[in-house]
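Structure assessment
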Amino acid sequence: MGELVGIDPRGAHELIRRMEAVKAFVGRTRPGLDAAIAEAGQDWAGRQGTTALHRTWAFLDESQRDLKWRIDTVEQLVPVRERGLLTAAFPFDAEPEARRAAEQTAAALRTALATPDPTGQALDQVLSPAAAQVADPAYAAALLGALGPELFVRALRLLTEAGAGTPGAPQDASGAHSTAGSGAGLLARAFASGERTGRLGDEWQAVAETAPPAVLGALVSLAPQSGTFLNQAALTLLGRPDPPHDVHALVTAFAANPLAFQQFLAEHPRESATLLAVGDPALQEALDAALTPGVGAEGLRERAWANVRGSAGG
């Protein structure tokens, strides 16, 4: 376990911006000073060149990365966003430590997946020690980066199938088997942590477009994904020639993210009509949250309303 950290994200972001301004000034100053020293040659009065400027720039750059890691981590660990000071017990003391631990977990997962007949239960055993670590964005991004999208999707599919097929597995309010606390839930939270903080590479954008429906359902139901990912996953699920009949996980995720649902309803009328036609019991709650006056941008909300009315034939 790492240290107890207290940080004001707004103030920390302002400090990062100021450090970036100093880095830019140092970066502009250094080439001219280097050229002047080289031109002066033996006549240069100082004993050293621009070593101090190099060190200053490196110190600021390293401090920015560490501060950004601390902001991202504390915002992931504190579920309710509040202005002012946020405090949390960090899983790791520093970002490099988080990355090393993630690489060890990824290596163990790859070994388990390389067996002739890997099981979800075996993957669960590998991931269970990471329950308190996946909220660290550096750990999450390093874990997923070491796995790669293909192995990640394969592991999540095996874990989801194992959770759904386990007799006596815990159930959520809808009566469906819940795997939020299992390896599937850990991988879903790791994806959310890494993706939401912009730490995943471009190759991960394809997950929302190509992953099997069961994997997309697990991702959106087991962790609060970003609105960007949620909307792309919805387009993939609802734009298929044979859209899934069970969209409860998607509707529930939209109910928890009304701004994303409002945008989806406004910008994708055809897929919205497909979703509305299913008649999921949680749909009304999601619609109320997205279309309530004062939620989101007025113009976007009006377009969403118009598309909902159009889907209803009114």
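On a predicted model such as this, the values are computed, not experimentally measured, just so you know.

A word on the packing of aromatic side chains. For the coordinates displayed, the defined rule picks out 8 aromatic pairs. When the centroid spacing of 5.4 Å and the interplanar angle of 90° are considered together, the rings of Trp69 and Phe90 count as edge-to-face. In this pair, Trp69 is assigned in helix α2 (residues 51-77) and Phe90 in the loop between β2 (86-89) and α3 (95-113), connecting sequence segments 21 residues apart. We classify Trp69 as buried; its relative accessible area is 0%. Centroid distance Phe152 to Phe191: 5.7 Å. Interplanar angle 25°. Geometry classified as stacked. In this pair, Phe152 is assigned in helix α5 (residues 137-164) and Phe191 in helix α6 (residues 183-196), connecting sequence segments 39 residues apart. Exposure remark for Phe152: the relative accessible area of 0% places this residue in the buried category. Through a chain of ring-to-ring contacts, three or more aromatic side chains come together here, namely Phe152, Phe191, Trp204 and Phe229.

What follows concerns helix α9 (residues 227-238). With 12 residues, α9 extends 16 Å between its outermost C-alpha atoms, agreeing within 8% with the 16 Å of an ideal straight helix rising 1.5 Å per residue. Every buried residue of α9 is listed here: Phe229, Leu230, Asn231, Ala233, Ala234, Thr236, Leu237 and Leu238. Looking at the buried side of α9, the elements it contacts are α6, α7 (207-210), α8 (213-222), α10 (248-256), α11 (258-267) and α12 (269-278).

On to the nonpolar core. The biggest cluster of nonpolar side chains holds 87 residues, and the ones touching the most others in it are Tyr139, Leu143, Phe152, Phe191, Leu219, Phe229 and Phe261. For this core, the element with the most residues is α5, which contributes 14 residues. In contact with Phe191, not counting residues within four places along its chain, are Leu144, Phe152, Arg196, Leu200, Trp204, Val207, Leu219, Gln225 and Phe229.

Take the side chain of Ser272 next. One can find Ser272 in helix α12. Classification of Ser272 as buried rests on a relative accessible area of 1%. At 3.4 Å, the side chain of Ser272 forms a polar contact with the backbone oxygen of Phe264. Contacts of Ser272, omitting those with residues within four sequence positions, involve Phe264 and Leu265.

As a further point, take the environment of Leu283. Counting through the fold element by element, Leu283 comes out in helix α13 (residues 283-291). Considered as a pair, Leu283 and Phe254 are 29 residues apart in the sequence and their alpha carbons are 8.8 Å apart. Those residues in contact with Leu283 that sit more than four places away from it in its chain are Val251, Phe261, Leu275 and Leu276.

In this section: the confidence of the model for the chain. Low-confidence regions, as indicated by low pLDDT, have predicted coordinates that should not be scrutinised in detail. Across the chain, pLDDT averages 84, with 89% of residues at or above 70. Within the chain, α11 carries the highest mean pLDDT (95), whereas strand β1 (residues 4-7) carries the lowest (77). Counted against residues more than four places away or in other chains, residues 164-178, with its pLDDT under 50, gives 14 contacts.

Under the criterion given, the structure shown has 12 salt bridges. The partner of Arg199 in a salt bridge is Glu95, and the shortest N-O contact between them spans 3.2 Å. Here Arg199, found in the loop between α6 and α7, pairs with Glu95, found in helix α3; they are 104 residues apart in sequence, far enough to count as distant. Accessibility expressed as a relative area gives 24% for Arg199, which makes it partly exposed. Here Glu161 makes a salt bridge to Arg157, at a shortest N to O gap of 3.5 Å. With Glu161 and Arg157 both in helix α5, this residue pair falls 4 residues apart, about one helical turn. Three or more residues joined by partner-sharing salt bridges are found here, namely Lys68, Asp72, Glu95, Arg99 and Arg199.

Rules of the game
Residues numbered from 1 in each chain as written. Predicted model: local features only at pLDDT ≥ 70, side-chain atom pairs only at ≥ 80, totals over all residues. Heavy atoms only, no water. Phe/Tyr/Trp six-rings, centres within 6.5 Å; stacked < 30°, edge-to-face > 60°. Helix = DSSP H or I, 4+ residues; strand = E, 2+ residues; numbered from the N terminus. Buried < 20%, exposed > 50% of the residue type's maximum accessible area, 1.4 Å probe, protein only. Expected span 1.5 Å × (residues − 1). Contact = heavy atoms within 4.5 Å. Core = buried A, V, L, I, M, F, W, Y, C linked by side-chain atoms within 4.5 Å. Polar contact = N/O pair within 3.5 Å; in protein donor to acceptor, adjacent residues only side chain to side chain. pLDDT = per-residue confidence, 0-100. Salt bridge = Lys/Arg side-chain N within 4 Å of Asp/Glu carboxyl O.

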